[in-house]
Amino acid sequence: MAKKKKYVLITGGTSGIGYELARLLAKDGHNLLIVARSQEELDRVAHELTSAYKIDVMTFAKDLFKKKAAFEVYDFVKSSGLQIDILVNDAGQGQYGEFINTDIEREMDIIQLNISSLVVLTKLFLIEMIERKSGKILNLASVASKVPGPFQAVYHGTKAFVHSFTEAIRAEVKDSGVVITSLLPGATVTDFFRKADMLHSKTVQEGNLADPADVAMDGYNALMNGDDMVVSGLNNKLQVAMSNITPDEIVAERVYKQQGPKEGVLK
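Quick caveat: nothing in here was measured; it's all calculated off a predicted structure.

Q: Tell me about the overall build of the chain, and please be specific about residues and values.
A: When helices and strands are counted, the chain shows 10 helices and seven strands. The C-alpha atoms of the chain give 18 Å as radius of gyration, which agrees with the globular expectation for 267 residues (18 Å, within 12%). Its C-alpha atoms give the chain principal-axis dimensions of roughly 60 × 40 × 35 Å. Relative to its full complement of 267 residues, the chain shows a buried share of 50%. If you take every contact in the chain between residues at least 6 apart in sequence, the share linking residues at least 24 apart comes to 71%. Roughly 13,000 Å² of accessible area belongs to the chain as shown, and the carbon and sulfur atoms make up 53% of that amount.

Q: Lay out the environment of Ser164 with the relevant residues and their values.
A: Structurally, Ser164 can be placed in helix H5 (residues 153-172). Distance in space between the C-alpha atoms of Ser164 and Ala141 is 9.2 Å, their sequence separation being 23 residues.

Q: Tell me what's going on with the pairing of strand S3 (residues 57-61), and back it up with residues and numbers.
A: Judged from the five bridges that link them, strand S2 (residues 32-36) and S3 form a sheet pairing that is parallel. In the sheet register, Ala36 faces S3, and the bridge partner there is Ala61. Since S2 and S3 lie parallel, the crossover through helix H2 (residues 39-52) that links them has a hand, and here it is right-handed.

Q: Talk me through a nonpolar patch on the surface; I want residue IDs and the actual numbers.
A: Residues Phe99, Ile100, Ile104 and Met108 make up a contiguous nonpolar surface patch of roughly 460 Å² in combined accessible area. Mapped onto the secondary structure, Met108 falls in helix H4 (residues 104-132).

Q: Residues and numbers for H4, please.
A: For H4, which comprises 29 residues, the first-to-last C-alpha distance of 41 Å matches the rise-based estimate of 42 Å (1.5 Å per residue) to within 8%. In the structure, H4 departs most strongly from a straight axis at Gln112, where the bend amounts to approximately 35°. Among the residues of H4, the N-terminal cap falls to Asp103, whose side-chain oxygen and the backbone nitrogen of Glu105 are separated by 2.9 Å. Of the residues flanking the end of H4, it is Lys133, one or two places downstream, whose phi is positive at about 60°.

Q: Summarise the pairing of strand S5 (residues 135-140); cite the residues concerned and give the values.
A: Strand residues, when the strand is regular, have side chains that alternate between the two faces of the sheet. Summarising burial for S5: five of the six residues are buried, a large majority. Note that strand S4 (residues 82-89) and S5 share four bridges and pair parallel. Residue Asn89 lies in a different strand from S5, and its bridge partner there is Asn139. Pairing geometry for S5 and strand S6 (residues 178-184), over six bridges, is parallel. If you follow Asn139 over to S6, its bridge partner there is Ser182. Once the chain exits S5 it traverses H5 before rejoining the sheet at S6, and the crossover so formed is right-handed.

Q: Let's hear about the sheet that holds S2: which residues, and what values?
A: The strand order across the open sheet built from seven strands is S3-S2-S1-S4-S5-S6-S7, with neighbouring strands paired in parallel fashion. A single partner strand is all that each edge strand has here, and the edge strands are S3 and strand S7 (229-231). Ignoring strand direction, the axes of neighbouring strands in this sheet form an average angle of 20°. Its contacts with the sheet put H2 on S2 and S3, and the angle it makes with S3 is roughly 175°. H5 contacts S5, S6 and S7 of the sheet and is inclined by roughly 155° relative to S6.

Q: Talk me through the packing of helix H3 (residues 69-79) against H4; I want residue IDs and the actual numbers.
A: Relative orientation of the contacting elements H3 and H4 amounts to 30°, with a least axis distance of 8 Å. It follows from the interaxial angle that H3 and H4 lie roughly parallel. The residues of H4 that touch H3, namely those facing Ala70, Phe71, Val73, Tyr74, Val77 and Lys78, are Ser117, Val120, Leu121, Leu124, Phe125 and Glu128. Along the lines of polarity and charge, the residues of the contact of H3 with H4 split into nine nonpolar, one polar and two charged.

Q: Just give me the short version of the nonpolar core, but keep the residues and values in it.
A: A general trend in soluble globular proteins is that nonpolar side chains are found buried together. Counting residues in each nonpolar core, the largest one holds 36 residues, and the members touching the most others are Leu9, Leu87 and Phe125. Every element with two or more residues in this core is listed here: strand S1 (5-11), S2, H3, S4, H4, H5 and S6. At eight residues, the largest contribution of residues to this core is made by H4. Beyond its immediate stretch of four places on either side in the chain, Phe125 contacts Leu9, Tyr74, Val77, Ile84 and Leu87. Core analysis: the second largest hydrophobic core is formed by 30 residues, Ile10, Leu32, Ala216 and Ala222 among them.

Q: Can you break down the environment of Ala69 residue by residue, with the values?
A: Of note, Ala69 is situated in helix H3. Note: C-alpha distance between Ala69 and Ser116 (47 residues apart in sequence) is 10 Å. Residues contacting Ala69, with those up to four places away along its chain left out, are Lys62, Asp63 and Leu64.

What counts and how
- Residues numbered from 1 in each chain as written.
- Predicted model: local features only at pLDDT ≥ 70, side-chain atom pairs only at ≥ 80, totals over all residues.
- Heavy atoms only, no water.
- Helix = DSSP H or I, 4+ residues; strand = E, 2+ residues; numbered from the N terminus.
- Rg over C-alpha atoms; globule rule 2.2 N^0.38 Å.
- Buried < 20%, exposed > 50% of the residue type's maximum accessible area, 1.4 Å probe, protein only.
- Contact = heavy atoms within 4.5 Å.
- Areas by Shrake-Rupley, 256 points an atom, 1.4 Å probe, with all protein chains shown as cover.
- Pairing = 2+ DSSP bridges.
- Right-handed = clockwise from strand over helix to strand, strands pointing away.
- Patch = residues over 30% accessible without salt bridge, like charges linked within 9 Å, V, L, I, M, F, W, Y side chains within 5 Å.
- Salt bridge = Lys/Arg side-chain N within 4 Å of Asp/Glu carboxyl O.
- Expected span 1.5 Å × (residues − 1).
- Bend = angle between axes of the 7 residues up to and from the residue.
- Polar contact = N/O pair within 3.5 Å; in protein donor to acceptor, adjacent residues only side chain to side chain.
- Axes fitted to C-alpha atoms, helices over the stretch in contact; angles between N-to-C directions.
- Parallel < 35°, antiparallel > 145°, perpendicular 65-115°, else oblique.
- Nonpolar A, V, L, I, M, F, W, Y, C, P; charged D, E, K, R; others polar.
- Core = buried A, V, L, I, M, F, W, Y, C linked by side-chain atoms within 4.5 Å.

See below:
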């Protein structure tokens, strides 16, 4: 049998934290398979990374909001004869607003993207990693996974799932040689807030947003060190620590005030 060429698969790797992770992995000599919706953006990033580093970058334009898309990503990997040594589940979106006023169809799409597609990709590639007794998976959770999230109820709920799911399967495979890590960033300078219709929120208008390159470095180091999770940023570490000892009702009220729309700022 021909030896399969080893790749890192990154979803959402054309911008934000996913893009910065792609740069770090490329710099260390890893070949990449980047999955995102826009072929134009995929081509731009592939050209940039192949020009800067002596690696191969493959792209696959796929909309992970769609139910079968994650399975189609796996089929593409198999038909291309690739071996995925590292899986980075970065793609994720949210929607801003009080739950009774938000679009349920978009929220179901967000659940599909943030949870269902991540679960499918994790299961299919984890099975292969277990068989090889090697591999790494980095799942993008969030500090949102640790606190109730008024104005982002569904997003916080999906990230709570991602973190809990990641910790659970890590325990199941702890003696397998496979590393599974959960990355918990806070509010970060990415396109997330525009897509979530959240630019008028206090989080964006008044918050101290993190640099996605710093977040990516924290996640990359944690993954390579074999850590179970990393909360990126000192303030976020303090927030998570405080939320662990504060009643959820009080935390939810605090987040309600923090994430509400800023007065005088138009949508």
